[in-house]
Amino acid sequence: MTRATDKSAGTTGSEDDGPARRPRRALVRTVVLSVAAALGLVLGGPAVGPAGAVSVCAGRPAKTVSFGTGELRVYKSRAYACALAVAKKSGPRRTMSVTIQARGGQPVTDRGRYTKQAGPVTVHALNRCVRVTGTISGKSGSTGWILC
């Protein structure tokens, strides 16, 4: 009977199991904050600039080749090279492709009907040259062997 009286007197029970609940609350708070921060980055947090400046490839820009209907963009990180074929103007779906090949390796291609870009395609290019070719609506550009 004393327990019922204590609970009705205003204690919530959290005082009894307080030390056991604190780590769980801290864990839940950490997980919620981490998910919120990740969503902020994905949905366009304050670090996102204009849409044209955002790249889906990791690394620094290494080479850009312009051609009639768009441009070929190549990026290099320490161990990888990445490429995109980007149309000058987005519009109706049209045939686009981008191919990247590391010297001594197999080419990697993204081909299809897209509105804005083909790619990204990535290859392991640590201490290896790469060559890239991009095509948009029948016009193409290529780099030859670069990043040697």
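Because the structure is a prediction, the values reported are computed rather than measured.

Parameters and conventions
Residues numbered from 1 in each chain as written. Predicted model: local features only at pLDDT ≥ 70, side-chain atom pairs only at ≥ 80, totals over all residues. Heavy atoms only, no water. Salt bridge = Lys/Arg side-chain N within 4 Å of Asp/Glu carboxyl O. Core = buried A, V, L, I, M, F, W, Y, C linked by side-chain atoms within 4.5 Å. Buried < 20%, exposed > 50% of the residue type's maximum accessible area, 1.4 Å probe, protein only. Helix = DSSP H or I, 4+ residues; strand = E, 2+ residues; numbered from the N terminus. Contact = heavy atoms within 4.5 Å. Disulfide = S-S within 2.5 Å. Lys, Arg positive; Asp, Glu negative; His and termini not counted. Polar contact = N/O pair within 3.5 Å; in protein donor to acceptor, adjacent residues only side chain to side chain. Pairing = 2+ DSSP bridges. Axes fitted to C-alpha atoms, helices over the stretch in contact; angles between N-to-C directions. Phe/Tyr/Trp six-rings, centres within 6.5 Å; stacked < 30°, edge-to-face > 60°. Lys NZ or Arg CZ within 6 Å of the ring centre and 35° of its normal.

Chemist: I tried to follow the pattern of salt bridges on my own but got confused; where do I start?
Modeler: Working definition: two side chains of opposite charge can pair if their charged atoms are close together. Evaluation of the coordinates by the stated rule reveals one salt bridge. One salt bridge connects Glu71 with Arg73, and the closest N-O pair in it is separated by 2.6 Å.

Chemist: How should the nonpolar core be read in this particular structure?
Modeler: Soluble globular proteins: nonpolar side chains tend toward being buried together. Within the largest apolar cluster, 20 residues are counted, with the highest numbers of intra-cluster contacts made by Val98, Ile100, Val130 and Val132. Listing elements by their share of this core, those giving two or more residues are β1 (60-67), β2 (70-76), β3 (80-87), β4 (94-102), β6 (117-124) and β7 (130-136). Not counting residues within four places of it along the chain, the set of residues in contact with Val130 comprises Ala81, Ile100, Gln101, Ala102, Val123, Ala125, Thr143, Gly144, Trp145, Ile146 and Leu147. Grouped together as the second largest cluster of nonpolar side chains are five residues, Tyr75, Cys82, Leu84 and Val86 included.

Chemist: Please clarify how the state of the cysteines should be interpreted in this entry.
Modeler: Throughout this description, disulfide means a covalent bond between two cysteine sulfur atoms. With the rule as written, the count across this model stands at two disulfides. Paired through a disulfide, Cys57 and Cys82 show a sulfur-sulfur distance of 1.8 Å. Between Cys57 and Cys82 the sulfur-sulfur dihedral comes to about -55°; the bridge is accordingly left-handed. Of this pair, Cys57 sits in the loop between α2 (18-42) and β1 while Cys82 sits in strand β3, and the two are 25 residues apart along the sequence. Assessed through its relative accessible area of 5%, Cys82 is described here as buried. Should the bonded cysteines of the chain be numbered as they appear in the sequence, the pairing reads 1-2, 3-4.

Chemist: Looking at this structure, how should I read the side chain of Lys76?
Modeler: Relative to the assigned elements, Lys76 resides in strand β2. Glu71 provides the closest opposite charge to the buried, unpaired Lys76, separated from it by 20 Å. A distance of 3.3 Å separates a polar side-chain atom of Lys76 from the backbone oxygen of Arg78. Here the side chain of Lys76 touches Ala125 through a polar contact of 3.3 Å, landing on its backbone oxygen. Setting aside residues up to four positions removed in sequence, Lys76 forms contacts with Gly59, Arg60, Ala62, Ala125 and Leu147.

Chemist: Honestly, the sheet that holds strand β8 (residues 139-142) in this entry has me stumped. Any pointers?
Modeler: The strands that make up a sheet pair up through hydrogen bonds in the backbone, lying either parallel or antiparallel. The strand order β5-β4-β7-β8 describes an open sheet built from four strands, whose pairing is antiparallel. Two strands bound the open sheet, and with one partner strand each, they are β5 (108-114) and β8. Ignoring which end each strand starts from, the neighbouring axes of this sheet average 10° apart. As paired elements, β4 and β5 share seven bridges and run antiparallel to each other.

Chemist: Explain the packing of aromatic side chains to me, please; I cannot follow it from the model alone.
Modeler: Going through the model one piece at a time under the given rule, you end up with zero aromatic pairs. The ring centre of Trp145 lies 4.3 Å from the NZ or CZ of Arg103, which sits over that ring.

Chemist: Could you clarify how one ought to interpret the sheet that holds β3 in this entry?
Modeler: Pairing in this open sheet of four strands is antiparallel, and the strands run β1-β2-β3-β6 from one edge to the other. Two strands lie at the open edges of the sheet, namely β1 and β6, each paired on one side alone. Going from strand to strand, the sheet's axes swing by 15° on average, the running direction of each strand aside. As defined by bridge partners, β2 adjoins β3 across seven bridges and the pair is classed as antiparallel. Bridge pairing links Arg73 to Leu84 in β3.

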